[in-house]
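Inside the fold
So you can see what is in the structure, the chains are spelled out below.
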Amino acid sequence: MSKNIANECCYVIISLSWGDMKFFANLKGKKREALTLVFQIFLILCGTFILGFGYCVFLSPYNIVPGGFLGLARIIHDVLAKIGFTYISTSVWYIILNAFLYVYAFVLLGWKFGLRSGVGILSYSFFTSIISKFQIVSSIGNKFEIESAALGGGSLYILFAIYGGLLMGIGMGIVFRANGSTGGCDMLAVVTNRYFPTITTGQLVIVVDGLVVVLSAFAYSSLVLPLYALITIFICGKVSDLFVDGVRSLRAYYILTNKKEEIAQKIMTDVERGVTNLKCEGMYTHDEKDMLFVILRRSQVMQVKKIVKEIDPDAFTFSHNIKEAYGNGFLAYKPPKIEIAKLIKSKNKKVKHAHLDEIEQKGNEVNYAKEEVVLSEENINQGITTQDDVNQDAQE
């Protein structure tokens, strides 16, 4: 009985200790998530600062409106300023345009997205308001004009459009890499997709940016400024895509050939890329065909073209761009360390409990055997014969 109590006490103590370890493991995981969120917010602040700098230095002084809600806010501010209403700045109009969409997206996507997006919207508005007041902004503009005149003149607007779009694309890409948002079309896409699932974010961006460009033509009575705005919008989109998708350019190549072994071996030995054979059927002749599939880097494309041309000039080939590839020879999967740690601790916990169950089971078996021995001794003392004794007497 005392051993059973001891076993139960040990089981309770070990269970409590494992529970405490699980608590600390969860605490560590929460700290990791908190630090990740803080780092994401830091990146969002860096990105919105670059966005604000690019807008205030290269675009705003020359009435080149960027796409999205910031361009729309700038147009609203300038149009109202012509009739004497200057009480609300561009940055405040930007917050007003995003307010309803932000609340709706916050409810749909949760507090983490709401926090990151809120930081993005407010910091973007703050930096565009503050940086425009710095003396360095006008100094950079004056420096550009002086050097342009010294070099023989020429329009600086093309440079402003290019570098404004470049800086804004870099800032936007950093924000996107941090799973953040600066409002505008991202928020609009969340709300619109709720009621119109067939409308994509890309379509909304085209509609909003097109509206901004058209309105800028009427707001500034110019046909040239909207063209510069289109350059800025195009460069900003391309640069932000590079930050999100990366600069790794990959191509998927399909080779329909009757000499699959020769081409595959040559690609695997010379290019050092894996090749997959796909079985297919020509629907005109209904003949079975072999089609080789291989993923290449940009530098390897010409090498594969040369191999196919040398071995089978009649082969049919086609290719398309791919954004990313994971696995051997390409990007590596990196599972979060915290998940591995949780898995190991969970496994150890199961093993520990299995040992405890085994010990408890053996203890119960020993106690049961002791009880049988005690009962047997009592039966002997009372002169009670067992079935074995009766059988032995019968045989005698």
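Residues numbered from 1 in each chain as written. Predicted model: local features only at pLDDT ≥ 70, side-chain atom pairs only at ≥ 80, totals over all residues. Heavy atoms only, no water.

1. Details of the packing of aromatic side chains
Enumeration according to the criterion identifies 15 aromatic pairs in this entry. Between Phe49 and Phe127, the ring centres sit 5.4 Å apart and the planes meet at 85°, which makes this aromatic pair edge-to-face. Of this pair, Phe49 sits in helix H1 (residues 2-59) while Phe127 sits in helix H4 (residues 111-131), placing them 78 residues apart in sequence. Taking the centre distance of 5.4 Å and the plane angle of 75° together, the rings of Phe85 and Tyr87 count as edge-to-face. By relative accessible area, which is 32% here, Phe85 ends up partly exposed. Given a relative accessible area of 70%, Tyr87 falls into the exposed group. In this structure an aromatic cluster arises from ring pairing among Phe58, Tyr62, Tyr157, Phe160, Tyr163 and Tyr228. (Phe/Tyr/Trp six-rings, centres within 6.5 Å; stacked < 30°, edge-to-face > 60°. Helix = DSSP H or I, 4+ residues; strand = E, 2+ residues; numbered from the N terminus. Buried < 20%, exposed > 50% of the residue type's maximum accessible area, 1.4 Å probe, protein only.)

2. Observations concerning the pattern of salt bridges
Enumeration over the complete set of coordinates arrives at 4 salt bridges. Residue Asp290 is joined to Lys279 by a salt bridge in which the shortest nitrogen-to-oxygen separation is 2.8 Å. Placement of Asp290 in strand E3 (residues 288-297) and of Lys279 in strand E2 (residues 276-281) is noted, with a sequence separation of 11 residues between them. In this structure Asp290 comes out as buried when scored by relative accessible area, which is 16%. Overall, Lys279 belongs to the exposed group, its relative accessible area being 61%. Bridged by salt links that share partners, the residues Lys260, Lys279 and Asp290 form one connected network. (Salt bridge = Lys/Arg side-chain N within 4 Å of Asp/Glu carboxyl O.)

3. Quick look at the sheet that holds strand E1 (residues 250-257)
Ordered by their spatial adjacency, 4 strands build an open sheet running E2-E3-E1-E4, and the pairing between neighbours is antiparallel. Lying at the two open borders of the sheet, with one neighbouring strand each, are E2 and strand E4 (316-322). Ignoring which end each strand starts from, the neighbouring axes of this sheet average 25° apart. For E2 and E3, the ladder comprises 6 bridges, and the chain directions are antiparallel. Bridging across to E3, Thr276 finds its partner in Phe293. Here helix H10 (residues 260-271) sits on the sheet and contacts E1, E2 and E3; the angle it forms with E3, its principal contact strand, is near 10°. Sheet contacts for helix H11 (residues 301-311): E1, E3 and E4; angle to E1, the most-contacted strand, approximately 5°. (Pairing = 2+ DSSP bridges. Axes fitted to C-alpha atoms, helices over the stretch in contact; angles between N-to-C directions. Contact = heavy atoms within 4.5 Å.)

4. A few points about the layout of surface pockets
Its volume calculated, the largest pocket comes out at about 750 Å³. Lining the largest pocket are 29 residues, and of these Met172, Val205, Cys236, Gly237 and Ser240 lie nearest its centre. Contributions of two or more residues to the lining of the largest pocket are made by helix H2 (68-82), helix H6 (157-177), helix H7 (185-195), helix H8 (201-219) and helix H9 (225-245). Broken down by element, the lining of the largest pocket gets its largest block of residues, 10 residues, from H9. (1 Å grid on protein atoms, 1.4 Å probe; cavity = no way out; pocket = protein on both sides within 12 Å on 5 of 7 lines; lining within 4 Å. Points joined across faces, edges and corners; volume = space filled by probe spheres on them.)

5. Focus on the environment of Gly210
With respect to the helices and strands, the residue Gly210 is situated in helix H8. Residue classification places Gly210 among the partly exposed positions, given a relative accessible area of 32%.

6. Brief notes about the confidence of the model for the chain
Across the chain, the average pLDDT comes to 76, with 72% of residues at 70 or higher. Under a pLDDT of 50 for its full length, residues 5-27 has, in the predicted model, 15 contacts with residues more than four places off or in other chains. This stretch, residues 389-396, has a pLDDT under 50; its non-local contacts, to residues over four places away or in other chains, come to 1 contact. (pLDDT = per-residue confidence, 0-100.)

7. What about the side chain of Asp209?
One can find Asp209 in helix H8. Although buried, Asp209 forms no salt bridge, and the nearest oppositely charged side chain, Lys238, lies 13 Å from it. At 2.8 Å, the side chain of Asp209 forms a polar contact with the backbone nitrogen of Gly68. What Asp209 contacts, discounting residues up to four positions off in sequence, is Gly67, Gly68 and Ile233. (Lys, Arg positive; Asp, Glu negative; His and termini not counted. Polar contact = N/O pair within 3.5 Å; in protein donor to acceptor, adjacent residues only side chain to side chain.)

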